[in-house]
Amino acid sequence: GQQVMQIPQYQHVQEGEDFTTYCNSSTTLSNIQWYKQRPGGHPVFLIQLVKSGEVKKQKRLTFQFGEAKKNSSLHITATQTTDVGTYFCAPNYGGSQGNLIFGKGTKLSVKP
Amino acid sequence: EPEVTQTPSHQVTQMGQEVILRCVPISNHLYFYWYRQILGQKVEFLVSFYNNEISEKSEIFDDQFSVERPDGSNFTLKIRSTKLEDSAMYFCASSDDPGGKLFFGSGTQLSVL
C-alpha cells in the first residue's frame with residue numbers, strides 16, 4: 001500500500017540546536033499534515049500543506065512541501081525543552097474520505 | 001476549543017472478552033475515525049466512518065472489530081473477542097472535512113491479559 005518514510009526515527013539535541021524531520025513519499029500527495037504527540041499524550045494538529053512548494057511558519061517551526069508534492073519537512077529553530085515529543089507527518093493521497101496514514105514519527109528529545 | 005472525549009481512559013480485560021470503547025466526537029463534525037497506537041510505535045489507522053457507515057477500513061480492522069454511532073453523539077468501537085495483541089492505546093478522532101484537520105481524543109489504554 002501507499003507508504004511514507006519519515007526520518008530520522010530519533011533525534012537527540014542540545015537545547016538551542018536546530019532540528020529537522022523529513023517525510024518522503026514515492027507517490028504524489030494531495031496534501032500533508034503534521035502532528036505533534038507529547039509523551040503520554042495524543043496527536044495534536046500542527047499544520048496542513050496543500051500547495052506545491054508551500055512554506056509555512058509557526059514561530060520557531062517551519063514547514064515545507066516539496067515542489068513535486070512528494071516530500072515535506074519540519075524544521076525547528078533553537079529547540080526548547082517544550083519541543084520534546086514525537087512529530088508525525090500524515091500524508092493524504094486523496095480519495096473520497098482522505099484517510100490519513102501516519103508516518104512512523106520522529107521522536108525528539110532535548111537536553112537542557 | 002471543543003474536544004473529543006473518550007471513555008474509559010483505561011480498560012483492562014481478559015483475553016476473549018468483549019470491550020466497547022466510547023467516544024463523543026465534536027458536535028458539528030461528520031467524519032469519525034479510530035486509530036490505535038501500540039506503545040512506542042506509530043499511530044495506525046483502523047477505520048473511518050461517515051453518514052452512518054464505514055467509509056474505509058484497514059487490514060487491522062478485521063471481523064472482530066465493529067463501529068457504531070448508536071445516537072447523535074456517541075461513536076463506539078467494539079472488539080468482540082479480545083486478543084493479547086489488541087493491547088494498545090485507541091484514539092478516536094473527528095473532523096468536519098474529509099482529509100482535513102483531525103481532532104484526537106485523549107485515548108483509551110486497552111490492556112488485554
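Since the model is a prediction, treat every value here as computed from it, not as a measurement. (Residues numbered from 1 in each chain as written. Chains lettered and ligands numbered in written order. Predicted model: local features only at pLDDT ≥ 70, side-chain atom pairs only at ≥ 80, totals over all residues. Heavy atoms only, no water.)

K.L.:
I keep staring at the overall build of chain B and nothing clicks. Help me out?
P.N.:
Per the secondary structure count, chain B includes zero helices and eleven strands. Going residue by residue from the N terminus, the α and β elements of chain B occur as β-β-β-β-β-β-β-β-β-β-β. Relative to the compact-globule value of 13 Å for 113 residues, chain B shows a C-alpha radius of gyration of 13 Å, a close match. Considered along the principal axes of its C-alpha atoms, chain B spans approximately 35 × 25 × 25 Å. For chain B, with 113 residues in total, the buried portion stands at 45%. In chain B, the proportion of contacts linking residues at least 24 apart, taken out of those at least 6 apart, comes to 54%. Total accessible area on chain B is roughly 5700 Å²; 45% of this is exposed by carbon and sulfur atoms. (Helix = DSSP H or I, 4+ residues; strand = E, 2+ residues; numbered from the N terminus. Rg over C-alpha atoms; globule rule 2.2 N^0.38 Å. Buried < 20%, exposed > 50% of the residue type's maximum accessible area, 1.4 Å probe, protein only. Contact = heavy atoms within 4.5 Å. Areas by Shrake-Rupley, 256 points an atom, 1.4 Å probe, with all protein chains shown as cover.)

K.L.:
Whenever I open this one, the overall build of chain A confuses me. Can you help?
P.N.:
The helix and strand inventory of chain A stands at zero helices and ten strands. Counting from the amino terminus, chain A carries its helices and strands in the arrangement β-β-β-β-β-β-β-β-β-β. Since a compact globule built from 112 residues should have a radius of gyration of about 13 Å, the 13 Å found for chain A is in line with a globular shape. With the C-alpha coordinates of chain A rotated into their principal frame, the extents come out at 45 × 30 × 20 Å. Out of the 112 residues in chain A, the part that is buried amounts to 46%. Taking all contacts inside chain A whose residues are at least 6 apart in sequence as the whole, residues at least 24 apart take part in 54%. For chain A, the accessible surface area stands at approximately 5600 Å², while carbon and sulfur atoms represent 50% of it. On chain A, the mean spot of the 12 positive side-chain charges and the mean spot of the 6 negative ones are 7 Å from each other. (Lys, Arg positive; Asp, Glu negative; His and termini not counted. Charge placed at Lys NZ, Arg CZ, Asp CG, Glu CD.)

K.L.:
Please explain the environment of Gly40(A) as it appears in this structure.
P.N.:
All names here are of chain A. Relative to the elements of secondary structure, Gly40 occurs in the loop between strand 4 (31–37) and strand 5 (44–49). Classification of Gly40 as exposed rests on a relative accessible area of 85%. For the pair formed by Gly40 and His75, sequence separation is 35 residues and the distance between their alpha carbons is 23 Å.

K.L.:
Mind showing me how you'd approach the sheet that holds strand 7 (residues 61–65) of chain A here?
P.N.:
Within a sheet, each strand pairs with its neighbour through backbone hydrogen bonds, oriented either parallel or antiparallel. Residue and element names in this part refer to chain A. A sheet is described by the order of its strands in space; here five strands give the open sequence 1-3-8-7-6, paired in antiparallel fashion. Looking at which strands have only one partner, the edges of the open sheet turn out to be strand 1 (4–7) and strand 6 (55–58). Averaged over neighbouring strand pairs, the angle between their axes works out to 15° when direction is ignored. Note: strand 7 against strand 8 (residues 71–76), five bridges, orientation antiparallel. Each bridged residue has a counterpart across the sheet, and for Leu61 the counterpart in strand 8 is Ile76. (Pairing = 2+ DSSP bridges. Axes fitted to C-alpha atoms, helices over the stretch in contact; angles between N-to-C directions.)

K.L.:
Would you mind going over the interface of chain B and chain A with me for this structure?
P.N.:
It is common to give the size of an interface as the accessible area lost on bringing the parts into contact. At the junction of the two partners, chain B supplies 21 residues and chain A supplies 20 residues. A per-residue breakdown of the area chain B buries against chain A is headed by Lys42(B), Gly99(B) and Phe104(B), which together make up 31% of the total. Summed over the shared surface of chain B and chain A, the number is zero salt bridges. Taken together, chain B and chain A are joined by six residue pairs in polar contact (both at pLDDT 80 or more). Looking at the side of chain B that touches chain A, the elements with two or more residues in it are strand 4 (31–37), strand 5 (44–50) and strand 6 (53–57) of chain B. (Buried area = accessible area lost by both parts, 1.4 Å probe. Salt bridge = Lys/Arg side-chain N within 4 Å of Asp/Glu carboxyl O. Polar contact = N/O pair within 3.5 Å; in protein donor to acceptor, adjacent residues only side chain to side chain.)

K.L.:
So what exactly am I meant to see when it comes to the sheet that holds strand 4 of chain A here?
P.N.:
All names here are of chain A. The strand order across the open sheet built from five strands is 2-10-9-4-5, with neighbouring strands paired in mixed fashion. Two strands bound the open sheet, and with one partner strand each, they are strand 2 (10–14) and strand 5. Put simply, the sheet's adjacent strands are angled 20° from each other on average, direction ignored. The pairing of strand 4 with strand 5 spans five bridges and is antiparallel.

K.L.:
Mind showing me how you'd approach the state of the cysteines here?
P.N.:
Disulfide: a covalent bond formed between the sulfur atoms of two cysteine residues. Residue and element names in this part refer to chain B. Tallying each qualifying case throughout the model produces two disulfides over all chains. Through a disulfide, Cys23 is tied to Cys92; the S-S separation comes to 2.0 Å. Disulfide Cys23 to Cys92: torsion about the S-S bond roughly -65°, handedness left-handed. Of this pair, Cys23 sits in strand 3 (residues 19–24) while Cys92 sits in strand 9 (residues 88–95); the two residues are 69 residues apart in sequence, bridging distant segments of the chain. Its relative accessible area of 1% is what places Cys23 among the buried residues. (Disulfide = S-S within 2.5 Å.)

K.L.:
Explanation requested: a nonpolar patch on the surface in the structure shown.
P.N.:
A surface patch of nonpolar side chains, amounting to about 300 Å² of accessible area, comprises Met5(A), Ile7(A) and Tyr22(A). With respect to the helices and strands, the residue Tyr22(A) is situated in strand 3 (residues 19–25). (Patch = residues over 30% accessible without salt bridge, like charges linked within 9 Å, V, L, I, M, F, W, Y side chains within 5 Å.)

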